[in-house]
Amino acid sequence: MLPDVRRQSRESLLAQFQSWEVPGYRLDQLLGWLYPRRAASWDEMTNLPKALRQRLAETYSLTLPQVVRVQGAHDTTQKFLWRLADGSLIESVLIPANPALYGERSDRHTLCISTQVGCAYGCRFCASGLDGWKRNLEPHEILGQVLAVERWQQAQTSSPPSDPATPTPAPARVPERWVSNIVVMGMGEPMANYAHLMTALRILNAPWGGNIGARKITISTSGVVPGIRDLADDPLQFRLAISLHGATDEVRGQIMPVNRKYPLAELTAACEHYVARKGKMITLEYILIDGVNAAREQVEPLAKLARRLHAKVNLIPYNRVEGLPWNRPPEPECRAFSKALEGQGVNTTLRLEKGHDIDAACGQLRLRTERELASSEPTPTVAG
Ligand code: SAH
Ligand code: SF4
């Protein structure tokens, strides 16, 4: 199989062009098609000579995720289910501008992207891990989610709605960047696919690529300590969010198996290292699950941890997952938890917005589709 052109750095493409004795301005034309114009085929690149396009096609593959389903209306949260070249399904979630949740200045849209097909971490409450882990995403599949959403969006605004599976034509003019912020919070554990993630994020960040500021990109981890330390030592200023969900080893360990490998003391030390190296605030994500981690006894240790890390806390009432027994606490309890945390001097956000049927965490749409496909086939497919 050929390597995808969207996992190549500018330097490696330049070296390739030089070895072919193709002038440098052709590279800028190619990059213009790959990133601002989000091309999905070589044929679209009409200002490149046919012979060069032919040569490129013999050397690299060029693919974007294909839309399978889109859920949710314009102006609200939209969920995208994609099919990749090998038939794997992944999800992205597009969230319209709202007050900055992760400390970034928020304008336009935030896209939540996946890094793996499935997840091996098996958090008890999460749909992404229910059918296990299938594979890591390649760099071009990670960054391709951004380009594919923008291409889809462009097609919606420039022509009447069509069958989502039909390939959309490339735009004639260089379109505006639609996605301004990225959260790596979709399916999968980003730190378990660190090298591919970093390749993808560097290209999304590069002026010749996605041109999205590092400060507008947030990586969320369930607490994989080596990844947090590597990120702390990376020169780029990506933001970090920790899926905490429990402020004591006892509570966290019940719902997140990763806590056995990296207990809170180790996780906290890695976060302190990150904050010291970067001089930047991190975010602690805390899902409120009724009867599990939302009792008042958790407020004190959570506040202590947040204060020690100078972190802000995002409280997220749990989204129900088909087939799992967990529920969110009643709204007054969520508010009381939030208030108690604030009362202890912690910068707290409670996300109570409506639309959770669609807004539901990543992994659910894929899971449902995989299961529907499996039940309609003579031999069931087994993921993981
Ligand atoms: N693996 C990484 C990133 C993907 S999960 C991580 O765990 O951080 C993105 C976020 O969605 C995590 O904070 C996760 O705990 C949360 N999440 C998973 N299932 C959820 C659910 N049903 N309701 C609300 N949040 C959920
Ligand atoms: Fe994986 Fe994150 Fe879901 Fe845990 S919460 S199973 S780490 S995707």
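Here, every reference points to the structure presented above.
Quick caveat: nothing in here was measured; it's all calculated off a predicted structure. (Residues numbered from 1 in each chain as written. Chains lettered and ligands numbered in written order. Predicted model: local features only at pLDDT ≥ 70, side-chain atom pairs only at ≥ 80, totals over all residues. Heavy atoms only, no water.)

Another point: helix H3 (residues 50-59). Within H3, burial applies to Leu52, Arg53 and Leu56. The buried residues of H3 all sit within an arc of 100° when viewed along its axis, so they share a single face. Looking at H3, the residues exposed on the side facing more than 90 degrees away from the buried face are Lys50, Ala51 and Glu58. (Buried < 20%, exposed > 50% of the residue type's maximum accessible area, 1.4 Å probe, protein only. Helix = DSSP H or I, 4+ residues; strand = E, 2+ residues; numbered from the N terminus. Arc of directions from axis to C-beta.)

It is worth spelling out the site of ligand 2 at this point. Around ligand 2, the surrounding shell consists of Cys119, Tyr121, Gly122, Cys123, Phe125, Cys126, Ser128, Gly188, Glu189 and Ser222. Class assignment of the residues belonging to the shell around ligand 2 gives a composition of five nonpolar, four polar and one charged. (Near = heavy atom within 4 Å. Nonpolar A, V, L, I, M, F, W, Y, C, P; charged D, E, K, R; others polar.)

A few words now on the sheet that holds strand E10 (residues 283-288). The mixed open sheet is built from ten strands, whose spatial order is E1-E2-E3-E4-E7-E8-E9-E10-E11-E12. A strand with exactly one partner marks an edge of an open sheet, and here the two such strands are strand E1 (66-71) and strand E12 (348-350). Taking the axes of each pair of neighbouring strands and ignoring which way they run, one obtains an average angle of 25° across the sheet. In the sheet, E1 pairs with strand E2 (residues 78-83) via five bridges, with the strands oriented antiparallel. Across the sheet, Val70 pairs through a bridge with Phe80, a residue of E2. (Pairing = 2+ DSSP bridges. Axes fitted to C-alpha atoms, helices over the stretch in contact; angles between N-to-C directions.)

The next subject is the site of ligand 1. Taken together, 17 residues lie near ligand 1, and Gly188, Ser220, Ser243, His245 and Asn319 sit nearest. Between a nitrogen atom of ligand 1 and a main-chain N or O atom of Gly188, the distance comes to 2.9 Å. Contact distances for ligand 1 include 3.3 Å between a nitrogen atom and a side-chain N or O atom of Glu189. Its free accessible area being 540 Å², ligand 1 has 92% of it covered by the protein chains. Broken down by class, the residue content of the shell around ligand 1 amounts to eight nonpolar, eight polar and one charged. (Polar contact = N/O pair within 3.5 Å; in protein donor to acceptor, adjacent residues only side chain to side chain. Areas by Shrake-Rupley, 256 points an atom, 1.4 Å probe, with all protein chains shown as cover.)

One pass over the structure, following the stated rule, counts five aromatic pairs. Measuring from centroid to centroid gives 5.3 Å for Phe80 and Trp82, while their planes differ by 10°, and the two rings are stacked. The buried category is assigned to Trp82, whose relative accessible area is 0%. By the ring-pair criterion, three or more aromatic residues cluster together here, those being Phe80, Trp82 and Trp152. (Phe/Tyr/Trp six-rings, centres within 6.5 Å; stacked < 30°, edge-to-face > 60°.)

Looking at soluble globular proteins, one finds that nonpolar side chains tend to be buried together. One finds Leu30 and Ile282 to be the most contacted residues of the largest nonpolar core, which totals 100 residues. The residues contacting Leu30, other than those within four sequence positions of it, are Leu13, Phe17, Trp42, Met45, Leu48 and Leu56. (Core = buried A, V, L, I, M, F, W, Y, C linked by side-chain atoms within 4.5 Å. Contact = heavy atoms within 4.5 Å.)

Now for unusual backbone geometry. Excluding glycine, most residues fall at negative phi; most peptide bonds, likewise, are trans. With phi around 55°, Arg38 is a residue other than glycine that occupies positive phi space. Inspection of the secondary structure puts Arg38 in the loop between helix H2 (24-34) and H3. Classification of Arg38 as buried rests on a relative accessible area of 2%. A positive phi is found at His245, a non-glycine position, where the angle reads about 60°. The topology assignment puts His245 in the loop between strand E9 (239-243) and helix H7 (249-255). Classification of His245 by relative accessible area gives buried; the value is 4%.

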